[in-house]
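# Analysis of the macromolecular model
In case you want the letters, here they are:
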Amino acid sequence: MALKVKSNDTVIRITNPNGKPGEVDGLVGDRQQGYGWSLAERGDYIYIGTWFNTIGAVVTIINAGLKAKGLNISQETVEAMMDVISNNEIPHPSKGLGGQIYKMHKDKPGEFTKIFETDVSFRNVILFGDDLYFTTYRGVNMDKVNHIYKVDLDDNVTSVYETTDGACSRACAILDGKLYFAGADSKFELDPGDEDNVKLAVMVKDDEDDRKWDYVADYHDFIEYASDGHVKSPAGSPFWDMVAFKGSLYVTLPGSAGFIAFEGHPAKRGEKGKANQYGWVWTEIVGRNAVNYPGICETPAGNTLDYGKGIVSVVGAFGVFNDSLYCYNIDNTITSEIMGISGMLSITQPDFKLSNFVGPVHDTIKHAQKIWKYNETTGRFDECVGFTKLVEDTCVEYVWKSAVYNGEFYIGTMDSKVIYNYLTRLTNGNLLHMGLAGWKAQLGACGRLVKSLANKETLEVVKGLKAAKANAPAAPKRKFSEKFDKEGLKMYWKVSETVRKDPGGFHLLKTSDGEHWEHVTDCGFGDLYNYGCLRFAPTDHGLYMTTANPFYGTQLYLLKNNKG
């Protein structure tokens, strides 16, 4: 398949180089290895850490939502429903150890050696000296332990840090020759009365002992946000990102009213009165007490949880280019997608109202993704308008990660068309262009759903619902016009049209000056299932990139920008 590239960059697909959309990849032919979340170069090798069974958590959350409505149906039936909705594009969750670490020699593209696997997934990696440090994500598997794993030059893997607090340890950076991580530390003791707080911690590795980590900040430094529901969420991370810039660490926290960011540095002369107990000064730069509002909105009310009144940019991340700090964000697209799919699965319920389910999707699409450049004079983040214009009226919902390669700044995004398509297949033209094989697969999925529903367990659920309905107070019947309200229909049509026009697949953009931007691709290199450009590794061979493809598995690409 010819890769679709809009710039003068040369791009090569390393994994399954002749593959087409809908064919299994996952580096080694494993569809469940959906995200290449960790990517780094060391010597002659490229290392990749994967996230196993990405979709499984979403299916679990949807099932829990249906149970809350009294629809206590089996996992098998939910999976059959998802098969019908997605036409078998979403893989069934399967048991497995979890994330894996692979390595590939740069002169032997596509030949991978697995060096480690664990019962959680990998979320980030950083090269410090000769050692690689991988962070993990346990997510909804709250009985698991998060680790920081060290991989030495001989590929020996050891756990140098463990915590049972927080869904993830992912934020890491190197500042002045020291290695820092930010997350939640279960060994930290909360003060009496603070039991509702997450044990937030920013830690530095000891120079001699890999298993010794000292604090430079704890939850007291972020006390206003330490009990936020998004900081606690099993779907996210206590800290989302951290970067070193001009002698400081910059960290972001997820927030229910928009993401928060702090700057921290060792106390300077005259700052001892401002320093915490570890000798560091932390200042809020995005948040309720900063000049930049949560999520970097124009007004304090810019981010809200209610559809129609704004959209929540739940997390943010940083990049550095040309001696400037950039910030970018992630909209709450996963929540909107889950609400939309849950709405489809509960359309017969008496409380169903179209605008309640399609509204979050509509507002997320309406809210164009942005990146901002830090103004060191004003302390404000100024929007990079040239970037915004290129992603308006698309399904781009994340700005995921960035990298500097050969003097240019590359930004990878996530495009939700392939997910939103499941909500609008009846109206966006998708079914009209589906071939014979697609229709056969769709009918087969419908047959499996009917078979799954015609079992004793489902019949018992139906009997229970009928009995509950008979004993419950009579509820007013909602008319068709109330279920499919005018506002909801307008929103649905707008979403459908945006999905129809979007080619699908992530957008990769670049700039050489921070102001003028261009597309490298706006369609995942031609694969709509590549909904995210996830991680970068600049090398002497070129810029390596992994994708987020929870449908058929992560892919690996190599880009050369032919500049100079």
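The structure under discussion appears in the preceding block.
Residue numbers here run from 1 along each chain, matching the order of that chain's written sequence. Only residues with pLDDT of 70 or above have their local features reported here, since the model is predicted, and side-chain atom pairs are shown and tallied only from 80 upward, although totals for entire chains, interfaces and linings are computed over all residues. Excluding hydrogens and water, the side-chain figures rest on all heavy atoms present in the structure.

Bringing the overall build of the chain into the picture now. Helix numbering and strand numbering both begin at the N terminus, where a helix is a DSSP run of H or I of at least 4 residues and a strand a DSSP run of E of at least 2. Helix and strand content of the chain: 11 helices and 28 strands. Three labels apply to residues, based on accessible area from a 1.4 Å probe with only protein chains included: buried if under 20% of the type maximum, exposed if over 50%, partly exposed otherwise in between. Classification of the 564 residues of the chain by burial places 57% in the buried group. Here a residue-residue contact requires only that any non-hydrogen atoms of the pair lie within 4.5 Å. For the chain, contacts bridging at least 24 residues in sequence account for 62% of all contacts bridging at least 6. Accessible surface is estimated by sampling points in the Shrake-Rupley manner with a 1.4 Å probe; for residues, cover comes only from the protein chains shown. Carbon together with sulfur atoms contributes 53% to the accessible area of the chain, which is approximately 23,800 Å² in total.

What follows covers the nonpolar core. For the purposes of this section, nonpolar cores are sets of buried Ala, Val, Leu, Ile, Met, Phe, Trp, Tyr and Cys residues that join through side-chain atoms within 4.5 Å. Counting 40 residues, the largest nonpolar core has Tyr35, Phe387, Trp400, Trp517, Tyr531 and Phe551 as the members making the most contacts within it. For this core, the secondary structure elements donating two or more residues are β2 (33–42), α2 (75–86), β18 (313–321), β19 (324–331), α6 (385–391), β22 (396–405), β23 (408–415) and α7 (417–424). Apart from residues lying up to four places away in sequence, Phe551 is in contact with Arg31, Glu89, Ile90, Pro91, Val418, Ile419, Tyr422, Tyr529 and Tyr531. Among the nonpolar cores identified, the runner-up in size contains 27 residues, and Ala217, Tyr225, Phe239 and Trp282 belong to it.

Burial analysis of strand β27 (residues 543–548) places six of its six residues in the buried class, which makes it a mostly covered element. Every second residue of β27 is oriented toward a common face, with Leu543, Met545 and Thr547 on one face and Tyr544, Thr546 and Ala548 on the other, all of them buried. The pairing of strand β26 (residues 532–538) with β27 spans six bridges and is antiparallel. Along β27, the bridge assignment pairs Gly532 with Ala548. Any two strands with at least two DSSP-identified bridges between them are counted as paired. Joining the antiparallel neighbours β26 and β27 is a turn of four residues, in which Gly542 adopts a positive phi near 140°. Of the pairings in the sheet, the one linking β27 to strand β28 (residues 556–560) comprises four bridges and is antiparallel in character. Bridge pairing links Leu543 to Leu559 in β28.

Now for helix α11 (residues 486–501). One fewer than the residue count of a helix, multiplied by 1.5 Å, yields its expected span. With 16 residues, α11 should reach 22 Å at 1.5 Å per residue; the first-to-last C-alpha distance of 23 Å fits that figure. What α11 keeps buried is the set Gly488, Met491, Tyr492, Val495, Ser496, Glu497, Thr498 and Val499. Among the structural elements, α5 (354–366) and α7 are those in contact with the buried residues of α11.

What follows covers the sheet that holds strand β11 (residues 178–184). Strand order across the open sheet formed by four strands is β10-β11-β12-β13, with antiparallel pairing between neighbours. The outermost strands of the open sheet, each flanked by one partner alone, are β10 (171–175) and β13 (213–218). Averaged over all pairs of adjacent strands, the angle between strand axes in this sheet comes to 25°, irrespective of strand direction. Of the pairings in the sheet, the one linking β11 to strand β12 (residues 200–205) comprises five bridges and is antiparallel in character. Bridge pairing in β12 places Ala184 opposite Leu200. For helices, the fitted line uses only the C-alpha atoms of the stretch in contact; every axis is such a line through C-alpha atoms, and the angle between N-to-C directions lies from 0 to 180 degrees.

Attention shifts here to α7. With eight of eight residues buried, α7 lies mostly within the body of the structure. For α7, every residue scored as buried is listed here: Lys417, Val418, Ile419, Tyr420, Asn421, Tyr422, Leu423 and Thr424.

Before going further, it helps to examine the environment of Glu383. The topology assignment puts Glu383 in strand β21 (residues 381–383). Classification of Glu383 by relative accessible area gives partly exposed; the value is 33%. Along the chain, Glu383 and Ile371 lie 12 residues apart, while their C-alpha atoms are 6.0 Å from each other. Here Glu383 is in contact with Lys370, Ile371, Trp372 and Thr388, once residues within four sequence places are set aside. At a separation of 2.7 Å, a polar atom in the side chain of Glu383 contacts the side chain of Thr388. Think of a polar contact as two N or O atoms within 3.5 Å of one another; within protein, one of them needs to be a possible hydrogen donor and the other a possible acceptor, and neighboring residues in sequence only count if both atoms come from side chains.

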